[in-house]
Amino acid sequence: MRAVARAAWQGAGVTEQPPQRGWREGARAGLPYAGASGVLALSFGVVATDAGFPALAAVVMSAVVFAGSAQFAAVAILTAGGGVGAAVGAAALMSSRFVPMGFALGPSLRGSRLQRALEGQAVVDSSWAMAARGDGGFDRLYLFGHTGVQYLAWVLGTVAGVISPSLDARALGLDAVFPAFFLTILAHELRDRRRVGVAGVGAALALLLVPVTPPGVPVLVASTAALVGLRRS
Amino acid sequence: MTGGVVVAVVVLCALTTLVLKGIGPFAAGSRELPAPAVRVVVLLAPALLAALVVTNALADGDRLRIGADTAGALAAALLLWRKAHVLVVVLVAAGVTAGLRAVGVG
């Protein structure tokens, strides 16, 4: 229903704002992504315990860090013999994309700057992309609902992973869940030629940088492909 | 790996994520973005997501590498084009990757 209304609104080209989508709608839309997140978290639990993390530490990490790519990066660095600084640095680079995402989200949040910073913690890739209204604004409650179900799945999935240490994440192909997950969110984004072009440039920039920069940097630099938006389409 | 290292990594990762997710909303406050910035924001998602896809499907750390997971991601792309459900997409990607590894590919 709501989707139809939104489509009609966009088609009619009227200037009135479409209604804000609420947290229930966000939670419902987030469920399939939560399922995928759960599978990812399961593989994180397995990988982290394989790397020597105590089970509790892996679960706590998921609960307090709640950033898949950063967690995998930190554990991978430790497994490869890196120190605390290298592990945290890699995780920070993986999460650096949240800085431009947060700037974009800020005006759609509420309250003081501090409260906005707190509300901004609710960002994950899929909720941020799907809460976007297409006019630069975001549906705040929708974002909370979408992220909420993913948070539960992320923590519970990690629990499942640490109590099944005999699983072989690689043999189960769980490392392919990550790109497939992001591909699903990306598919929603490729609505016009401009976005497809930006996605292509972002992908190319990232691939060029992979051999010459630490992990995380290619993704951050790829975000500059969006600067083409400074020009009117 | 000692317990101290694990605790330090978990605590520091939590703090950096807190800052990285919070700094944008903190700095932006209630200011509405100017029109050119809005157009950039709208395009951030495809740029970031495409980069996340290729760095996960085609790279292993700092090396470019085509493996069984690349085939899994391709299968996912095909299913998405056919409008499949996200869970089906994710599970088939894992299944294709696992199957290829089981027969010794990648």
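What you see is a predicted model; the values in this text were computed from it and never measured. (Residues numbered from 1 in each chain as written. Chains lettered and ligands numbered in written order. Predicted model: local features only at pLDDT ≥ 70, side-chain atom pairs only at ≥ 80, totals over all residues.)

Undergrad: What's the story with the interface of chain B and chain A in this structure? I'm lost.
TA: Many authors give the size of an interface as the accessible area that is lost as the parts come together. Contacts between the two partners involve 72 residues from chain B and, on the opposite side, 88 residues from chain A. Elements with a contribution of two residues or more to the side of chain B that touches chain A: α1 (3-28), α2 (35-57), β2 (63-64), α3 (68-81) and α4 (86-102) of chain B. Residue contributions to the side of chain B that touches chain A peak at 21 residues, all from α2(B). Residues belonging to the side of chain B that touches chain A are distributed by class as follows: 51 nonpolar, 13 polar and eight charged. (Contact = placed C-beta atoms within 7 Å. Helix = DSSP H or I, 4+ residues; strand = E, 2+ residues; numbered from the N terminus. Nonpolar A, V, L, I, M, F, W, Y, C, P; charged D, E, K, R; others polar.)

Undergrad: In this structure, what is going on with the domain arrangement of chain A? I would like to understand it.
TA: All names here are of chain A. According to the domain assignment, chain A consists of domain 1 (21-171) and domain 2 (190-233). Averaged C-alpha coordinates put domain 1 and domain 2 at centres separated by 22 Å. At the junction of the two partners, domain 1 supplies seven residues and domain 2 supplies seven residues. The biggest single contributor to the side of domain 1 that touches domain 2 is helix α5 (residues 84-95), with three residues. Among the residues forming the side of domain 1 that touches domain 2, the class breakdown is five nonpolar, one polar and one charged. (Domains from an automatic or database assignment.)

Undergrad: How should I be thinking about unusual backbone geometry in this particular structure?
TA: Glycine aside, residues mostly have negative phi, and peptide bonds are mostly found in the trans state. Positive phi, close to 50°, is recorded for F66(A), a residue that is not glycine. Mapped onto the elements of the fold, F66(A) is located in the loop between α3 (55-64) and α4 (68-79). Of note, the phi angle at K83(B) is positive, near 65°, even though the residue is not glycine. Position of K83(B) relative to the elements: it lies in the loop between α3 and α4. According to the C-beta neighbour criterion, K83(B) is exposed, with 8 such atoms within 10 Å. (Buried ≥ 20, exposed ≤ 12 C-beta atoms within 10 Å, placed from the backbone.)

Undergrad: Even after reading the chapter, I still don't get the nonpolar core, so can you show me in this structure?
TA: It is characteristic of soluble globular proteins that their nonpolar side chains tend to be buried jointly. One finds A74(A), V177(A), A47(B), V90(B) and A93(B) to be the most contacted residues of the largest nonpolar core, which totals 118 residues. The element contributing the most residues to this core is α2(B), with 15 residues. Each of domain 1 (21-171) and domain 2 (190-233) of chain A contributes no fewer than three residues to this core. With residues near it in sequence (within four places) discarded, A93(B) still touches A176(A), V177(A), A180(A), G72(B), A73(B), A75(B) and A76(B). (Core = buried A, V, L, I, M, F, W, Y, C linked by C-beta atoms within 7 Å.)

Undergrad: What is the right way to look at the packing of helix α10 (residues 177-189) of chain A against α2(B) in this model?
TA: Helix packing for two helices is described by the angle between their axes and how far apart those axes are. One way to put it is that α10(A) packs onto α2(B) with a least axis distance of 9 Å and a crossing angle of 155°. In this view, α10(A) runs roughly antiparallel relative to α2(B), as classed from their interaxial angle. Considering the relative orientation of α10(A) and α2(B), their crossing is left-handed. Facing F178(A), P179(A), F182(A), L183(A), I185(A), L186(A) and E189(A) of α10(A), the residues of α2(B) in contact are A45(B), P46(B), L49(B), A50(B), L52(B), V53(B), N56(B) and A57(B). Split by residue class, the contact of α10(A) with α2(B) holds 13 nonpolar, one polar and one charged. (Axes fitted to C-alpha atoms, helices over the stretch in contact; angles between N-to-C directions. Parallel < 35°, antiparallel > 145°, perpendicular 65-115°, else oblique. Left-handed = near helix turned anticlockwise from the far one by under 90°.)

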